[in-house]
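# Structural description and commentary
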Amino acid sequence: MAEDFTAKKAEAAAWFRSLRDQIVASFEGLEDRFGQGTPGRFEVTPTVRADGGGGLMSVMRGGRVFEKVGVNVSEVHGTLGERAQKAMAARGVPGMDSDPRFWASGISLVAHMVNPHCPAVHMNTRMFWTPHAWWFGGGADLNPCIEYPEDTAHFHAQMQAACDAHAADYYGKFKAWADEYFFIPHRGRARGVGGIFYDDLNTGNWDKDFAFTQDVGRAFLPAFVPVTERRVNTPWSDADRDAQLVHRGLYAEYNLVYDRGTKFGLETGHDANAVLMSLPPLAKWI
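Here's a quick rundown of the structure. Please read all numbers here as calculations on a predicted model, not as lab measurements. Throughout, residues of each chain are indexed from 1 in the direction in which the sequence is written. Residue-level local features of this predicted model are given only where pLDDT is at least 70; pairs of side-chain atoms are given and counted only at 80 or more, and the full residue set underlies all totals for whole chains, interfaces and linings. In computing side-chain values, all of the structure's heavy atoms are included and hydrogens and water are not.

## Focus: the nonpolar core
Nonpolar side chains tend toward joint burial in soluble globular proteins. Judged by nonpolar contacts, the single largest core of 56 residues is most densely connected at Ile 23, Phe 27, Phe 66, Met 127 and Phe 220. Among residues more than four places away in sequence, those in contact with Ile 23 are Val 71, Ile 107, Leu 109, Met 123, Phe 220 and Leu 221. Counting 11 residues, the second-largest nonpolar core is a separate cluster that includes Val 76, Leu 80, Ala 84 and Ala 133. As used here, the term nonpolar core means buried Ala, Val, Leu, Ile, Met, Phe, Trp, Tyr and Cys residues forming a set that is joined through side-chain atoms within 4.5 Å. The cut-offs for exposure are 20% and 50% of the maximum accessible area for each residue type, with area from a 1.4 Å probe on protein chains only; residues under the lower value are buried, those over the upper are exposed, and the others partly exposed. For this analysis, residues touch if any pair of their heavy atoms sits within 4.5 Å.

If you want it as structure tokens, here you go:
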């Protein structure tokens, strides 16, 4: 079994890296096709987790389309600390106190756009393994400060198609999970217009669950790029920019207070700059 999962872990990590490469190329292509001035390019920095593993942090700042976008991949391993062990036990993972080893790999993306009419977006997919359990998680959600219903509908349709190809109940279940997960209790509102979110996905069939996770990743560019192309040349005002900055403050609050990935990354000692890549370049509070 251990040998089997060695191969499966390598396969999953390679897929997340290949998806990263596709997205980076697509986003740099958008920079080449739209806007004025010099197209933005990603700066790629290796990241290291002191206790084992690392990844690549790819960040573009000050582009023509993207004010800031990060596309990170990681593959980390080691031993979970006591707090993380308790968190795993609370999620129903047995035996963490006797063998707290873990391995995790995934891709995480957050884009903050230049034009306030272009929505911010988040996507991640990941695999987590311990000697006692494994699962997949992830999803994608759209975060406009100026909502266009047709953009929301398009994004959700792409996520639904990815879900429907695997199970009739996935979209309804994972959409509802996203609506709950991306809600900000202290503001009494959602972070954006939702998408899908799933975690702890283990049907007992690794190949099936991995195939679904791949399809969620594949759905991202068809879901997001057409929306960006539709809005990127829309004229915008100072009031639009102000609304964008206030909405970014909302996004920052959520990621710092509630986001599981942020908490897990910081608690397990991953590169703080990579973990906090999701924060916007500028934000405003009123």
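## A short note on the sheet that holds strand 1 (residues 43–48)
Across a sheet, strands are paired by hydrogen bonds formed along the backbone, either parallel or antiparallel in direction. Any two strands with at least two DSSP bridges between them are considered paired. Going along the chain from the N terminus, every DSSP run of H or I of four or more residues is numbered as a helix, and every run of E of two or more is numbered as a strand. Read from one edge to the other, the open sheet built from 7 strands follows the order 1-2-3-4-5-6-9, with strand pairing classed as antiparallel. Taken across any chain shown, the strands that pair with only one partner, and hence form the sheet edges, are strand 1 and strand 9 (194–201). Put simply, the sheet's adjacent strands are angled 10° from each other on average, direction ignored. As paired elements, strand 5 (residues 120–130) and strand 6 (residues 133–143) share 11 bridges and run antiparallel to each other. Paired with Met 123 across the bridge in strand 6 is Ala 140. All axes are obtained by fitting lines to C-alpha atoms, using only the stretch in contact for helices, and the reported angles, taken between N-to-C directions, cover 0 to 180 degrees. With respect to the sheet, helix 5 (residues 206–231) is in contact with strand 3 (66–79), strand 4 (101–113), strand 5, strand 6 and strand 9, its orientation differing from that of strand 6 by roughly 15°.

## So, the packing of helix 3 (residues 149–164) against helix 5
Direction vectors running N to C along helix 3 and helix 5 enclose 165°, while the axes themselves pass 8 Å from each other. Classified by the interaxial angle, the pair formed by helix 3 and helix 5 is roughly antiparallel. Between helix 3 and helix 5 the crossing geometry is right-handed. Residues Glu 150, Asp 151, His 154, Phe 155, Gln 158, Met 159, Ala 162 and Cys 163 of helix 3 pack against Phe 212, Asp 215, Val 216, Ala 219, Phe 220, Pro 222, Ala 223, Pro 226, Val 227, Arg 230 and Arg 231 of helix 5. Here the residues of the contact of helix 3 with helix 5 are counted per class, giving 12 nonpolar, 2 polar and 5 charged. The cut-offs work like this: below 35 degrees is roughly parallel, past 145 is roughly antiparallel, 65 to 115 is roughly perpendicular, and the gaps in between are oblique. Here a crossing is taken to be left-handed if its near helix is turned anticlockwise relative to the far helix by less than a right angle, and right-handed if that turn runs clockwise. Under the grouping applied here, Gly and all other residues not named as nonpolar or charged are polar, the nonpolar ones being Ala, Val, Leu, Ile, Met, Phe, Trp, Tyr, Cys and Pro and the charged ones Asp, Glu, Lys and Arg.

## Re the packing of helix 3 against helix 4 (residues 170–181)
Taken N-terminus to C-terminus, the directions of helix 3 and helix 4 make an angle of 130°; their axes are 8 Å apart at the nearest point. The angle between the axes of helix 3 and helix 4 places the two elements in the oblique class. Contact with helix 3, carried on its side by His 156, Met 159, Gln 160, Cys 163 and Asp 164, involves Tyr 170, Tyr 171, Phe 174 and Lys 175 of helix 4 and no other residues of that element. Among the residues making up the contact of helix 3 with helix 4, the classes are represented as 5 nonpolar, 2 polar and 2 charged.

## Comments concerning the packing of aromatic side chains
Centres within 6.5 Å are what make two rings of Phe, Tyr or Trp a pair, Trp counting through its six-membered ring; a difference in plane orientation under 30 degrees is then read as stacked, over 60 as edge-to-face, and the rest as tilted. Going through the model one piece at a time under the given rule, you end up with 24 aromatic pairs. With a centroid separation of 5.8 Å and an interplanar angle of 10°, the aromatic rings of Phe 102 and Phe 128 are classed as stacked. With Phe 102 in strand 4 and Phe 128 in strand 5, this residue pair connects regions lying 26 residues apart in the sequence. Just as Phe 102 is buried, Phe 128 falls in that class too. The interplanar angle of 20° and the centroid separation of 5.0 Å between the aromatic rings of Phe 128 and Trp 135 together place this pair among those described as stacked. Across the pair, Trp 135 and Phe 128 agree in class, each one buried. In this scheme, Lys NZ or Arg CZ marks a charge over a ring once it lies within 6 Å of the ring centre and within 35 degrees of the ring normal. Positioned over the ring face of Trp 129 is Lys 9, at 3.7 Å from the centre of the ring. Above the plane of the ring of Tyr 148 lies Arg 231, whose end atom (NZ or CZ) is 3.6 Å from the centre.

## Focus: unusual backbone geometry
Even without being glycine, Asp 200 reaches a positive phi, approximately 55°. Relative accessible area serves as the criterion here: at 34%, Asp 200 is assigned to the partly exposed category.

## What about the state of the cysteines?
Note on disulfides: each one is a pair of cysteine sulfur atoms within 2.5 Å. Within the structure shown, the criterion is met by 0 disulfides. Not part of a disulfide, Cys 118 finds its nearest cysteine sulfur in Cys 145, a span of 9.7 Å. What makes Cys 118 buried here is its relative accessible area of 4%.

## Notes on the pattern of salt bridges
Definition used for salt bridges: Asp or Glu carboxyl oxygen within 4 Å of a side-chain nitrogen of Lys or Arg. One pass over the structure, following the stated rule, counts 19 salt bridges. When the shortest N-O distance is used, the salt bridge between Arg 241 and Glu 67 registers 2.9 Å. Placement of Arg 241 in helix 6 (residues 238–257) and of Glu 67 in strand 3 is noted, with a sequence separation of 174 residues between them. In this structure, Arg 241 and Glu 67 share a single accessibility class: buried. Lys 175 is paired through a salt bridge with Asp 179; the nearest N and O atoms lie 3.0 Å apart. In this pair, Lys 175 and Asp 179 both sit in helix 4, 4 residues apart, roughly one turn of the helix. Look at the salt bridges and you will find they share partners, linking Glu 150, Asp 151, Arg 230 and Arg 231 into a network.

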